[in-house]
Amino acid sequence: MKKQLTAAILSAGLFTAAAPALAADYVIDTRGAHASINFKVNHLGYSWVIGRFDTFSGEFSYDAEKPGDAKIAVTIDTKSVNSNHAERDKHLRSKDFLEVDKFPEAKFVSTKFETTDGKTGQLHGKFTLRGVTKDIVIDVTKVGEGQDPWGGYRSGFEGSTTITMKDYGIPMDLGPQSATVQLDLHVEGIKK
């Protein structure tokens, strides 16, 4: 019995040592303001309304040797919408747009990452806004990774995608020039 137990422990130790390394897990660095979720909407064909969400959180997993296994989940506080104009932000929080009292969060959860070079690719996932979940694809570029000056390890990416407001039940119609929203994402993660 003792020999069997010892053999089981040894083989478990060998199995663990031979197992492939797991992807590193990161927390998105919103505390240090090294991440942002920005949006851009054409204003009636004349200009652009540019803004951001000030409050969000998320985590991701990434392994440079297996970038196709990358995963990310992000939660956005919709009340934190900020277009640098108080009256417009009040309107954006209303039922005409985000209806934040009923839908206080938007979420993105990735389902797969397709890449040929490990540095650029398409991140597929489910985006939920105003209680509606749709598949979206984010074009992603790896910015870099490495040690930081404080003894930690960081990895950063940027991405962009475009969504159509009506797809998410946003009732406000500002005309065909303003039907879509471009989302620009900058994500720097700190390794756990």
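Asker: Can you tell me about the overall build of the protein, naming the residues and giving the values?
Answerer: On a plain count of helices and strands, the protein comes out with two helices and 11 strands. In sequence order, the protein lays out its α and β elements as α-β-β-β-β-β-β-α-β-β-β-β-β. Across the 192 residues in the protein, those meeting the buried criterion constitute 37%. Across the protein, the fraction of contacts at a sequence separation of at least 24, relative to all contacts at a separation of at least 6, is 56%.

Asker: Which residues make up a nonpolar patch on the surface, and what values do they have?
Answerer: There is a patch of nonpolar side chains on the surface, built from Leu44, Tyr46 and Leu174 and spanning about 320 Å² of accessible area. Here Tyr46 falls in the exposed class, since its relative accessible area comes to 72%.

Asker: Explain the nonpolar core to me, using residue names and the numbers behind them.
Answerer: Of all hydrophobic cores here, the largest spans 38 residues; its most connected members are Ile28, Phe39, Phe60, Ile76, Phe127, Leu129 and Ile163. With four residues, strand β11 (residues 180-191) is the single largest residue contributor to this core. Beyond its immediate stretch of four places on either side in the chain, Phe60 contacts Ala24, Asp25, Tyr26, Ile28, Lys71, Ile72, Ser155, Phe157, Val187 and Gly189.

Asker: Before we move on, could you go through the layout of surface pockets and cite the residues and values that matter?
Answerer: In this structure, the largest pocket encloses a volume near 860 Å³. Lining the largest pocket are 50 residues, with Ile37, Phe39, Phe53, Leu183 and Leu185 sitting closest to its centre. In the lining of the largest pocket, the residues fall into 37 nonpolar, 10 polar and three charged.

Asker: Explain the environment of Lys71 to me, using residue names and the numbers behind them.
Answerer: Along the chain, the position of Lys71 falls in strand β5 (residues 71-77). On the basis of relative accessibility, which here comes to 57%, the residue Lys71 falls in the exposed class. Each C-alpha atom, one on Lys71 and one on Thr111, is 7.3 Å from the other, the two residues being 40 residues apart in sequence. Setting aside its immediate chain neighbours within four residues, Lys71 contacts Glu59, Phe60, Ser61 and Ser110.

Asker: An account of the pattern of salt bridges is requested, with residue identities and associated values reported.
Answerer: Considering all chains together, one arrives at 10 salt bridges under this definition. Taking the shortest distance from any N to any O, the salt bridge between Arg130 and Glu99 comes out at 3.4 Å. Residue Arg130 is located in the loop between β8 (120-129) and β9 (132-147), and its partner Glu99 is located in the loop between α2 (86-93) and β7 (105-115); the two are separated by 31 residues in the primary sequence. Between Lys126 and Asp135 there is a salt bridge, with its nearest N and O atoms 2.8 Å apart.

Asker: Any chance you could break down the packing of aromatic side chains for me, citing the residues and the numbers?
Answerer: For the coordinates displayed, the defined rule picks out five aromatic pairs. Considering the side-chain rings of Phe60 and Phe157, the 5.7 Å spacing of their centres and the 90 degrees angle between planes classify their relative orientation as edge-to-face. With a gap of 97 residues between them, Phe60 in strand β4 (residues 56-62) and Phe157 in strand β10 (residues 153-164) connect regions that are remote in the sequence. You'll find Phe60 and Phe157 in the same group, each marked buried. Judged by centre distance (5.0 Å) and plane angle (70 degrees), the rings of Tyr62 and Phe157 are edge-to-face. Of this pair, Tyr62 sits in strand β4 while Phe157 sits in strand β10, and the two are 95 residues apart along the sequence. Phe157 carries the same exposure label as Tyr62, and that label is buried. In this structure an aromatic cluster arises from ring pairing among Tyr26, Phe60, Tyr62 and Phe157.

Asker: Explain the confidence of the model for the protein to me, and be specific about the residues and the numbers.
Answerer: In the predicted model, the protein carries a mean pLDDT of 89, and the fraction of residues at 70 or more is 89%. Low pLDDT, under 50, characterises residues 1-21; the stretch is placed with two contacts to residues that sit more than four places away or in other chains.

Asker: I'd love a proper account of the pairing of β8, names of residues and values included.
Answerer: Relative to β8, β7 runs antiparallel, the two sharing eight bridges. Directly across from Phe113, in β8, lies its bridge partner Leu123. Taken together, β7 and the strand that follows it, β8, pair antiparallel across an intervening segment of four residues, in which Gly118 is found at a positive phi of about 80 degrees. As consecutive antiparallel partners, β8 and β9 are separated by two residues, and within that stretch Arg130 has a phi angle of approximately 55 degrees, a positive value.

Conventions used here
Numbers given to residues run from 1 along each chain, matching the order in which its sequence is written. The predicted nature of this model means local features are confined to residues of pLDDT at least 70 and side-chain atom pairs, given and counted, to a pLDDT of 80 or more, with totals for whole chains, interfaces and linings taken over all residues. Note that water and hydrogens are dropped before the side-chain values are worked out from all heavy atoms of the structure. Put simply, DSSP H or I for four residues or longer makes a helix, DSSP E for two residues or longer makes a strand, and each gets a number counted from the N terminus. The buried label applies to any residue whose accessible area, calculated with a 1.4 Å probe on protein chains only, is under 20% of its type's maximum; exposed applies above 50%, and partly exposed to all values in between. Only heavy atoms matter for contacts: two residues are in contact if any of them lie within 4.5 Å across the pair. Patches were defined on residues exceeding 30% relative accessible area and lacking a salt bridge, with like-charge contacts within 9 Å and nonpolar side-chain contacts (Val, Leu, Ile, Met, Phe, Trp, Tyr) within 5 Å. Here the open area of atoms and residues is found with the Shrake-Rupley method and a 1.4 Å probe, where only the protein chains shown may cover a residue. Salt bridge, as used here: a side-chain nitrogen of Lys or Arg that lies within 4 Å of a carboxyl oxygen of Asp or Glu. The term nonpolar core refers to a set of buried residues drawn from Ala, Val, Leu, Ile, Met, Phe, Trp, Tyr and Cys, joined through side-chain atoms within 4.5 Å. A 1.4 Å probe that fits but cannot get out identifies a cavity on a 1 Å grid over protein atoms alone, an open set with protein on both sides within 12 Å along at least five of seven lines counts as a pocket, and a residue lines either if it has an atom within 4 Å of a point. Grid points are joined across faces, edges and corners, and a volume is the space filled by probe spheres set on the points. Residues were grouped as follows: Ala, Val, Leu, Ile, Met, Phe, Trp, Tyr, Cys and Pro as nonpolar; Asp, Glu, Lys and Arg as charged; and all remaining residues, including Gly, as polar. Between the rings of Phe, Tyr and Trp (Trp by its six-membered ring), a pair exists once the centres lie within 6.5 Å; its type follows the angle of the planes, with under 30 degrees stacked, over 60 edge-to-face, and the other angles tilted. Scored from 0 to 100, pLDDT reflects the predictor's confidence in each residue. Here, a strand pair is defined by DSSP locating no fewer than two bridges between the strands.

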